[in-house]
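Examination of the molecular architecture
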Protein chains: 2
Amino acid sequence: ADIAAGKAKAAVCAACHGANGISIIPDYPNLAGQKVKYLESSIKAYRDGERKNPIMSPMASGLTDADVANIAAYFASLPGGG
Amino acid sequence: ADIAAGKAKAAVCAACHGANGISIIPDYPNLAGQKVKYLESSIKAYRDGERKNPIMSPMASGLTDADVANIAAYFASLPGGG
(Lines give C-alpha, C1' and ligand atoms only; values in the text may rest on other atoms or scores of the structure.)
Protein backbone atom coordinates (compact mmCIF):
# COMPACT_ATOMS: atom_id res chain seq x y z
CA ALA A 1 0.00 0.00 0.00
CA ASP A 2 1.05 3.61 -0.55
CA ILE A 3 0.92 5.42 2.78
CA ALA A 4 1.60 8.83 1.22
CA ALA A 5 -1.30 8.38 -1.19
CA GLY A 6 -3.40 7.21 1.73
CA LYS A 7 -2.52 10.31 3.72
CA ALA A 8 -3.56 12.53 0.83
CA LYS A 9 -6.81 10.65 0.31
CA ALA A 10 -7.50 10.72 4.08
CA ALA A 11 -7.30 14.51 4.37
CA VAL A 12 -11.09 14.69 4.57
CA CYS A 13 -11.16 12.06 7.33
CA ALA A 14 -9.22 14.29 9.71
CA ALA A 15 -12.28 16.45 10.27
CA CYS A 16 -13.80 13.74 12.48
CA HIS A 17 -10.98 11.27 13.08
CA GLY A 18 -8.36 13.89 13.94
CA ALA A 19 -5.25 14.99 12.06
CA ASN A 20 -3.26 12.39 14.04
CA GLY A 21 -5.97 9.74 13.84
CA ILE A 22 -7.22 10.38 17.36
CA SER A 23 -10.85 11.40 17.06
CA ILE A 24 -12.01 14.80 18.24
CA ILE A 25 -15.62 13.66 18.61
CA PRO A 26 -16.45 11.01 21.24
CA ASP A 27 -18.86 9.16 18.98
CA TYR A 28 -16.21 8.55 16.31
CA PRO A 29 -13.41 6.02 16.68
CA ASN A 30 -9.71 6.69 16.95
CA LEU A 31 -8.04 5.16 13.89
CA ALA A 32 -4.37 5.71 14.74
CA GLY A 33 -2.49 2.43 15.15
CA GLN A 34 -5.57 0.35 14.37
CA LYS A 35 -5.13 -2.99 12.57
CA VAL A 36 -4.80 -2.52 8.78
CA LYS A 37 -7.08 -5.46 7.96
CA TYR A 38 -9.74 -4.24 10.39
CA LEU A 39 -9.59 -0.71 8.93
CA GLU A 40 -9.91 -2.11 5.41
CA SER A 41 -12.88 -4.32 6.27
CA SER A 42 -14.60 -1.46 8.10
CA ILE A 43 -14.20 1.05 5.27
CA LYS A 44 -15.42 -1.57 2.77
CA ALA A 45 -18.37 -2.38 5.05
CA TYR A 46 -19.47 1.24 4.74
CA ARG A 47 -18.68 1.37 1.03
CA ASP A 48 -20.51 -1.86 0.22
CA GLY A 49 -23.48 -1.31 2.53
CA GLU A 50 -22.77 -3.90 5.20
CA ARG A 51 -22.57 -1.00 7.66
CA LYS A 52 -24.88 1.95 7.19
CA ASN A 53 -24.04 5.41 8.48
CA PRO A 54 -25.23 8.76 7.15
CA ILE A 55 -21.70 10.17 7.22
CA MET A 56 -19.45 7.19 6.55
CA SER A 57 -21.47 5.59 3.76
CA PRO A 58 -21.12 8.58 1.41
CA MET A 59 -17.52 9.11 2.52
CA ALA A 60 -16.60 5.56 1.54
CA SER A 61 -18.81 5.25 -1.53
CA GLY A 62 -16.31 6.49 -4.13
CA LEU A 63 -13.24 4.67 -2.87
CA THR A 64 -11.40 2.05 -4.94
CA ASP A 65 -9.84 -0.98 -3.28
CA ALA A 66 -6.46 0.72 -3.71
CA ASP A 67 -7.76 3.85 -1.97
CA VAL A 68 -9.04 1.70 0.88
CA ALA A 69 -5.69 -0.12 1.21
CA ASN A 70 -3.76 3.16 1.19
CA ILE A 71 -6.04 4.92 3.69
CA ALA A 72 -5.97 1.91 6.00
CA ALA A 73 -2.18 1.66 5.79
CA TYR A 74 -1.88 5.36 6.55
CA PHE A 75 -3.98 5.31 9.73
CA ALA A 76 -2.42 2.04 10.87
CA SER A 77 0.98 3.70 10.57
CA LEU A 78 0.10 6.44 13.06
CA PRO A 79 1.08 5.91 16.72
CA GLY A 80 -1.79 4.31 18.62
CA GLY A 81 -1.62 6.64 21.58
CA GLY A 82 -1.75 9.70 19.32
CA ALA B 1 -19.01 3.10 34.87
CA ASP B 2 -17.16 0.48 36.91
CA ILE B 3 -13.83 -0.22 35.20
CA ALA B 4 -12.99 -3.11 37.55
CA ALA B 5 -16.31 -4.79 36.79
CA GLY B 6 -15.66 -4.11 33.12
CA LYS B 7 -12.24 -5.74 33.32
CA ALA B 8 -13.75 -8.84 34.91
CA LYS B 9 -16.53 -9.01 32.33
CA ALA B 10 -14.00 -8.46 29.51
CA ALA B 11 -11.81 -11.44 30.45
CA VAL B 12 -13.27 -13.41 27.54
CA CYS B 13 -12.56 -10.55 25.12
CA ALA B 14 -8.81 -10.83 25.66
CA ALA B 15 -8.69 -14.01 23.59
CA CYS B 16 -9.07 -11.95 20.41
CA HIS B 17 -8.59 -8.35 21.49
CA GLY B 18 -5.47 -9.03 23.59
CA ALA B 19 -4.95 -8.86 27.35
CA ASN B 20 -3.86 -5.22 26.92
CA GLY B 21 -6.54 -4.41 24.37
CA ILE B 22 -4.16 -4.67 21.42
CA SER B 23 -5.50 -7.38 19.16
CA ILE B 24 -3.45 -10.49 18.44
CA ILE B 25 -5.35 -11.23 15.24
CA PRO B 26 -5.07 -8.77 12.33
CA ASP B 27 -8.75 -9.02 11.46
CA TYR B 28 -9.86 -7.88 14.93
CA PRO B 29 -9.58 -4.28 16.15
CA ASN B 30 -7.42 -2.94 18.88
CA LEU B 31 -9.70 -1.63 21.62
CA ALA B 32 -7.15 -0.03 23.97
CA GLY B 33 -7.63 3.73 24.27
CA GLN B 34 -10.62 3.71 21.94
CA LYS B 35 -13.40 6.26 22.53
CA VAL B 36 -15.87 5.06 25.23
CA LYS B 37 -18.96 6.15 23.30
CA TYR B 38 -17.74 4.43 20.14
CA LEU B 39 -16.99 1.22 22.03
CA GLU B 40 -20.45 1.32 23.62
CA SER B 41 -22.24 1.89 20.31
CA SER B 42 -20.22 -0.87 18.63
CA ILE B 43 -20.91 -3.47 21.32
CA LYS B 44 -24.61 -2.53 21.29
CA ALA B 45 -24.65 -2.75 17.49
CA TYR B 46 -23.56 -6.38 17.79
CA ARG B 47 -25.91 -7.05 20.70
CA ASP B 48 -28.93 -5.49 19.01
CA GLY B 49 -28.27 -6.83 15.52
CA GLU B 50 -27.26 -3.63 13.73
CA ARG B 51 -23.90 -5.31 13.11
CA LYS B 52 -23.82 -9.04 12.45
CA ASN B 53 -20.76 -11.15 13.15
CA PRO B 54 -20.63 -14.87 13.94
CA ILE B 55 -18.29 -14.27 16.89
CA MET B 56 -19.24 -10.85 18.20
CA SER B 57 -23.02 -11.23 18.02
CA PRO B 58 -23.15 -14.14 20.50
CA MET B 59 -20.43 -12.50 22.62
CA ALA B 60 -22.53 -9.35 23.00
CA SER B 61 -25.93 -10.98 23.17
CA GLY B 62 -26.16 -11.42 26.95
CA LEU B 63 -24.74 -8.06 28.00
CA THR B 64 -26.75 -5.52 29.97
CA ASP B 65 -26.32 -1.79 29.34
CA ALA B 66 -24.29 -1.64 32.55
CA ASP B 67 -22.02 -4.44 31.31
CA VAL B 68 -21.54 -2.55 28.05
CA ALA B 69 -20.71 0.70 29.85
CA ASN B 70 -18.22 -1.07 32.15
CA ILE B 71 -16.51 -3.02 29.36
CA ALA B 72 -16.26 0.10 27.20
CA ALA B 73 -14.84 2.12 30.10
CA TYR B 74 -12.31 -0.61 30.79
CA PHE B 75 -10.90 -0.79 27.25
CA ALA B 76 -10.97 2.99 26.87
CA SER B 77 -8.85 3.22 30.02
CA LEU B 78 -6.03 1.14 28.50
CA PRO B 79 -3.12 2.99 26.83
CA GLY B 80 -3.79 3.39 23.12
CA GLY B 81 -0.36 2.29 22.02
CA GLY B 82 -0.57 -0.89 24.11
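Residues numbered from 1 in each chain as written. Chains lettered and ligands numbered in written order. Predicted model: local features only at pLDDT ≥ 70, side-chain atom pairs only at ≥ 80, totals over all residues. Heavy atoms only, no water.

Comments concerning the relation of the copies chain A and chain B
- With an RMSD of 0.0 Å, chain A superimposes on chain B once it is rotated by 180 degrees and translated 0.0 Å along the axis. Taken together, the rotation and translation relating the two chain copies correspond to the operation of a two-fold axis.
- When the interface residues of chain A are mapped onto chain B, 100% of them again fall at the interface, so both copies present the same face. (Least-squares fit on C-alpha atoms with pLDDT ≥ 70 in both. Contact = heavy atoms within 4.5 Å.)

With respect to empty space enclosed by the protein
- With the rule as written, the count across this model stands at one cavity of 30 Å³ or more.
- By volume, the largest cavity is sized at about 90 Å³.
- Taken together, Asn30(A), Ala32(A), Gly33(A), Gln34(A), Gly80(A), Asn30(B), Ala32(B), Gly33(B), Gln34(B) and Gly80(B) make up the lining of the largest cavity.
- Across the lining of the largest cavity, the residue classes tally to two nonpolar, eight polar and no charged. (1 Å grid on protein atoms, 1.4 Å probe; cavity = no way out; pocket = protein on both sides within 12 Å on 5 of 7 lines; lining within 4 Å. Points joined across faces, edges and corners; volume = space filled by probe spheres on them. Nonpolar A, V, L, I, M, F, W, Y, C, P; charged D, E, K, R; others polar.)

Some thoughts on the confidence of the model for chain A
- Chain-level pLDDT for chain A is 96 on average; 100% of the residues reach the 70-or-more range.
- Per-element mean pLDDT across chain A ranges from 94 in helix 2 (residues 14-17) of chain A up to 98 in helix 5 (residues 65-77) of chain A. (pLDDT = per-residue confidence, 0-100. Helix = DSSP H or I, 4+ residues; strand = E, 2+ residues; numbered from the N terminus.)

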